[in-house]
Amino acid sequence: MTENSSQQPASNPELPTTYAPADVEGKLYERWVERGYFEADAKSEKPPYTIVIPPPNVTGALHLGHAFQITLMDALTRRKRMQGFETLWLPGMDHAGIATQNKVEQQLGEEGKSRHDIGREAFTERVWQWKDEYGGRILGQLRRLGAGLDWSRERFTMDEGLSRAVQKIFKDLYDDGLIYRAERIINWCPRCLTAISDIEVDYQEDDGELVSLRYGEGDETLVVATTRVETMLGDTAVAVHPDDERYAHLIGKRIKLPLTDRTIPVVADTHVDPEFGTGAVKVTPAHDPNDFAIGQRHDLESLTIMDERGVITVPGPFQGLDRFEARSAIVAALREQGRVVAEKRPYVHSVGHCSRCKTTIEPRLSLQWWVKVETLAKAAGDAVRDGRVALHPKEMEKRYFDWVDNLNDWCISRQLWWGHRIPVWYGPDGEVVCVGPDEEPPTGEGWTQDEDVLDTWFSSGLWPFSTLGWPEQTPDLEKFYSTDVLLTGHDIIFFWVVRMMMFGLYAMDGEVPFKTVALTGLVRDEFGKKMSKSNPNAVDPIEWMDAYGSDAVRFTLANGANPGADVPIGEDWVKASRNFANKIWNATRFALMNGATIEGPLPDPSRMTATDRWILSRLNETVADVDRYYEDFQFAKISDALYHFAWDEVFDWYVELSKTTFFAGGEQAKVSGRVLGEVLDVTLRLLHPIVPFVTETLWTTLTGGESVVVAAWPADSGFRDEAAEKEIELVQQVVTEVRRFKGDQGLKPGQKVPAELTLTGTALAPHEPAIRQLLRLEAAGDGFSATASLPVAGATVALDLSGTIDVAAERKRLTKDLEAAKKEKAQAEGKLGNEAFLAKAPDQVVDKIRGRLAKAEADIERLGAQLAGLPQS
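Each chain carries its own residue numbering, running from 1 in the written order of its sequence. Per-residue local features of the predicted model are confined to residues with pLDDT of at least 70, and side-chain atom pairs are confined, for both listing and counting, to 80 or more; whole-chain, interface and lining totals are unaffected and use all residues. Excluded from the side-chain calculations are hydrogens and water; all other atoms, namely the structure's heavy atoms, are used.

Participant: In this structure, what is going on with the sheet that holds strand β22 (residues 483-489)? I would like to understand it.
Facilitator: Sheet strands pair via backbone hydrogen bonds, and the direction of the pair is either parallel or antiparallel. Note on pairing: two strands pair once DSSP finds at least 2 bridges between them. By the criteria applied, helices consist of DSSP H or I runs no shorter than four residues and strands consist of E runs no shorter than two, each listed in order from the N terminus. Across the sheet, which stays open at both edges, the 3 strands sit in the order β15-β23-β22 with parallel pairing between neighbours. Unpaired on one side and paired on the other, β15 (390-392) and β22 mark the two borders of the sheet. Across the sheet, the axes of successive neighbouring strands diverge by a mean angle of 20 degrees, strand direction being ignored. Pairing geometry for β22 and strand β23 (residues 514-520), over 6 bridges, is parallel. What sits directly across from Thr 488, in β23, is Leu 519. As a rule, the C-alpha atoms of each element are fitted with a line to give its axis, helices using only the stretch in contact, and angles between N-to-C directions run from 0 to 180 degrees.

Participant: What is the right way to read the pattern of salt bridges from this model?
Facilitator: Side chains that differ in charge, positive against negative, can pair when their charged atoms come close. Salt bridge criterion: a side-chain nitrogen from Lys or Arg within 4 Å of a carboxyl oxygen from Asp or Glu. Applying the stated criterion across every chain yields a total of 60 salt bridges. Among the ionic pairs, Asp 74 bridges to Arg 554, the shortest N-O distance being 2.8 Å. Here Asp 74, found in helix α2 (residues 64-82), pairs with Arg 554, found in helix α17 (residues 550-559); they are 480 residues apart in sequence, far enough to count as distant. Looking at Arg 554, the relative accessible area reads 0%, which means it is buried. Among the salt bridges present, the one from Glu 472 reaches Arg 164, with a minimum N-O distance of 2.8 Å. Residue Glu 472 is located in the loop between α13 (463-466) and α14 (475-480), and its partner Arg 164 is located in helix α7 (residues 160-175); the two are separated by 308 residues in the primary sequence. The buried label goes to any residue with under 20% of its type's maximum accessible area, the exposed label to any with over 50%, and the partly exposed label to all in between, with areas taken from a 1.4 Å probe on protein chains only. Given the relative accessible area of 36%, Glu 472 is considered partly exposed. Using a relative accessible area of 25% as the deciding quantity, one classes Arg 164 as partly exposed. Put simply, Glu 209, Arg 335, Glu 343 and Arg 345 are held in one network by salt bridges that share partners.

Participant: In this structure, what is going on with the packing of helix α3 (residues 97-110) against helix α5 (residues 120-134)? I would like to understand it.
Facilitator: Describing two packed helices takes the angle between their axes plus the distance from one axis to the other. Orientation of α3 relative to α5, taken along the N-to-C sense of each, is 100 degrees, at an axis distance of 10 Å. In terms of orientation, α3 lies roughly perpendicular with respect to α5. Facing Thr 100, Gln 101, Lys 103, Val 104, Glu 105, Gln 107 and Leu 108 of α3, the residues of α5 in contact are Phe 123, Arg 126, Val 127, Trp 130 and Tyr 134. A per-class count over the contact of α3 with α5 returns 6 nonpolar, 3 polar and 3 charged. Reported orientations rely on four angle classes, namely roughly parallel under 35 degrees, roughly antiparallel over 145, roughly perpendicular from 65 to 115, and oblique for the rest. In what follows, a contact means two residues having at least one pair of non-hydrogen atoms within 4.5 Å. Throughout this entry, Asp, Glu, Lys and Arg are counted as charged residues, while Ala, Val, Leu, Ile, Met, Phe, Trp, Tyr, Cys and Pro are counted as nonpolar. The remaining residues, Gly among them, count as polar.

Participant: Just checking my understanding: could you explain the pairing of strand β1 (residues 48-52) for this structure?
Facilitator: Two faces make up the sheet, and in a regular strand the side chains alternate between them. Taking burial as the measure, the 5 residues of β1 include 4 buried ones, the bulk of the element. As defined by bridge partners, β1 adjoins strand β2 (residues 86-90) across 5 bridges and the pair is classed as parallel. Of the residues in β2, the one forming a bridge with Pro 48 is Glu 86. Call a crossover right-handed when, viewed with both strands pointing away from you, the route from the first strand across the helix to the second goes clockwise. Between β1 and its parallel partner β2, the chain crosses via α2, and the hand of that crossover is right-handed.

Participant: What should I look at first to understand unusual backbone geometry in this one?
Facilitator: Peptide bonds are mostly trans, and most non-glycine residues show a negative phi. Pro 471 follows Trp 470 through a cis peptide bond whose omega is 15 degrees. One can find Pro 471 in the loop between α13 and α14. Of the consecutive residues Tyr 481 and Ser 482, the connecting peptide bond is found in the cis state with omega at 0 degrees. For Ser 482, the location among the structural elements is in the loop between α14 and β22. Notably, Lys 358 is not glycine yet its phi reads approximately 70 degrees, a positive angle. On the secondary structure map, Lys 358 appears in the loop between β13 (340-354) and β14 (362-371). The backbone of Arg 776 shows a phi angle near 55 degrees, a positive value even though the residue is not glycine.

Participant: How do you make sense of the sheet that holds strand β18 (residues 424-426) when you look at a structure like this?
Facilitator: Spatially, β19-β18-β20 is the arrangement adopted by the 3 strands of the open sheet, whose pairing is antiparallel. If you trace the sheet from one side to the other, it starts and ends with β19 (432-434) and β20 (448-449), each paired once. Sheet topology places β18 next to β20; 2 bridges connect them, and they run antiparallel. Counterpart to Trp 425 in the pairing with β20 is Gln 449.

Participant: Explain empty space enclosed by the protein to me, please; I cannot follow it from the model alone.
Facilitator: To find leftover empty space, one rolls a probe the size of a water molecule over the atoms. Put plainly, a pocket is an open set of points on a 1 Å grid over the protein atoms alone with protein on both sides within 12 Å along at least five of seven lines, a cavity is a set where a 1.4 Å probe fits but cannot get out, and a lining residue has an atom within 4 Å of a point. Grid points are joined across faces, edges and corners, and a volume is the space filled by probe spheres set on the points. Across all of its chains, the model carries 1 cavity of 30 Å³ or more by this definition. Looking at the largest cavity, its volume works out to about 80 Å³. Lining the largest cavity we find 15 residues, and of these Leu 519, Thr 520, Pro 563, Phe 633 and Phe 635 sit closest to its centre. Within the residue set of the lining of the largest cavity, elements represented by two or more residues are α2 and β23. By residue number, the principal contributor to the lining of the largest cavity is β23, which donates 3 residues. Along the lines of polarity and charge, the residues of the lining of the largest cavity split into 10 nonpolar, 5 polar and no charged.

What follows is the structure, given as structure tokens:
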């Protein structure tokens, strides 16, 4: 009824009584790797399916965010491998310029040295040594998680091939006029001593101060306000709006700049908002991007007032002070001169911080290298607009377009020593030569290479094609590019996705780097709070893997993965997933001990019980659902569908309903054993991409097959049996209703009760033995006296509860509950019948009351039936 695995059954299959993940996970993974299951073949005739891993930093360790995305990518690639695709999931690491350099500088600091003490060459060698000794720990942790990566193709953003790709694309962009060097305002980190890009700046609300200052003398004065008083030492103008009549008499004049011997002009600029503050703005072109733009328009001088560490360099009493020390000192000096008009503190405002070290960013005029992004960004936007690249979920397109359509030129130079050094040489007479990978750099006296390195995101932007061998036309590049899916967090859509789009389209002649971008949310704690190392809610996934197994962690993460939405996770949920793995294990053990087999073809449906046909019908429906959800990246729905099918329908219903058949033996037991084997075989294959370890152990034991990793993905045969589904639904109704009635009477689930079942003329008759076993109903012997009668699903179940309950007390309890339900119904009907209330109440309030009414009506019906079923006193 579904695609058969075509494996031979295992002989005398045996499983331990309990599942111990630690005993099997490591051994299984090494076996998979040794057998080459994850290695892709560029010469294969199979259709390709490619995913490149978002390269983790070489300094990194596995956190839940990594585990989350790795689990989803592994599920995608495992399924495609089983579907017959030549699947490449390519691993690697990013050299992480700032983070890695900081690690080694910390080591040197412990030795009482700095990088400048040992020089650039020795420092770079020291970083390589650190990388070889400490870097890459996360890759071993990915193995622990079960990631089916092609380790034979592992790459590093500074390996020889990728370094060649970086030099090649830099040269191409430079020759095309898309890379240039210019002096502009950049984000400068005084701690890391390097420029950083806009997207590496974290903004947070800080307590600061807003100080209003009087500039000028006598009648020619105006007031400006600033949160960075120290920058007034670099002011070269005050700007006002040209239509602001308050300052019309000052435009074009020069006014005295306090604490200096300079005068500065008052300029008219439409950038100024006359309604904000005093309508006058101090202009510091060398230390503010907006001021720099005003300076460019009015040909103003740009005065740099502090060095790379944020120390004031302007000669005078503030020289040598840290920028924050200078801020307080300058305010005090201005206050003494009567120049301070107003002070507001604390003044909460948004302040940029380095995402690496959290130091307050200093806007700074600096000579840097830039990528001219206009044409590149347009191509990246067009690729999504015309459908060549799909963003999933589609709602993310707006964010993508908002960013890519307004992208500023990208500062790509960093003042570091660890990274790809900019391939530009300067000659003694002002020559500038950009050198490609097959070219010799100029030599001779006076020639020097640019000191800066490239932004880490420059090299990682080449990842989808450089890892496949570009700029060479390799078999891997021909077979596996474009990649199929980029699965990554929505938080780095701007950091990484846009860069890969721009570079991929440019380098690969318009061919997109990936066909689909599947964006995930962020992993949060069970209360929805962000996890971080500084908070007590941070979790090491390895600890959870040690305690509950990798499959439990994987299933929990996948079960929360709705497209684009954040993923809450707590330890109790991981425990529940561990219980699910144990349930699969125990149910499979039971099945194997009771004749479950995949030997031979499935019997004809005419030889099957209705229960057999029902579970096969539901199995095929589940296969279809899972396939549909995979195509839509609905991992939460995949996990939920498989969980409920396996636990509820297979283990709790099919196995239980079939026990009487198995225990009876004979030909029918063999038929049902073959059906159960089929169901387990397919279910384990469906579950495998998400929980690979437990399914590998169980599937190979059940089938005797080589490995579920290379087994065929199940196909929906189209078999459906609506009649069987309706028949078993009636059985479920009877069992559920009688169970609930017994529970309402205070009876324990396993407590036996004499009963008489009237099933004649219904589809339920063949299921009487199973119904009695599930409900613990004994035969109605001599002296049977029905004290409760339940009409359900066209049948009647009469129970003798004498001696098991206090009928009078139970009648009193049920009557009280019934009156409460009637009162609730009346109140809900009263509100819903009040037009004035409906006109004013929010929709969600009205919906809630409708829900209360529906529940009350259901309770009245249920309680009435229970009362009617009680014996008359």
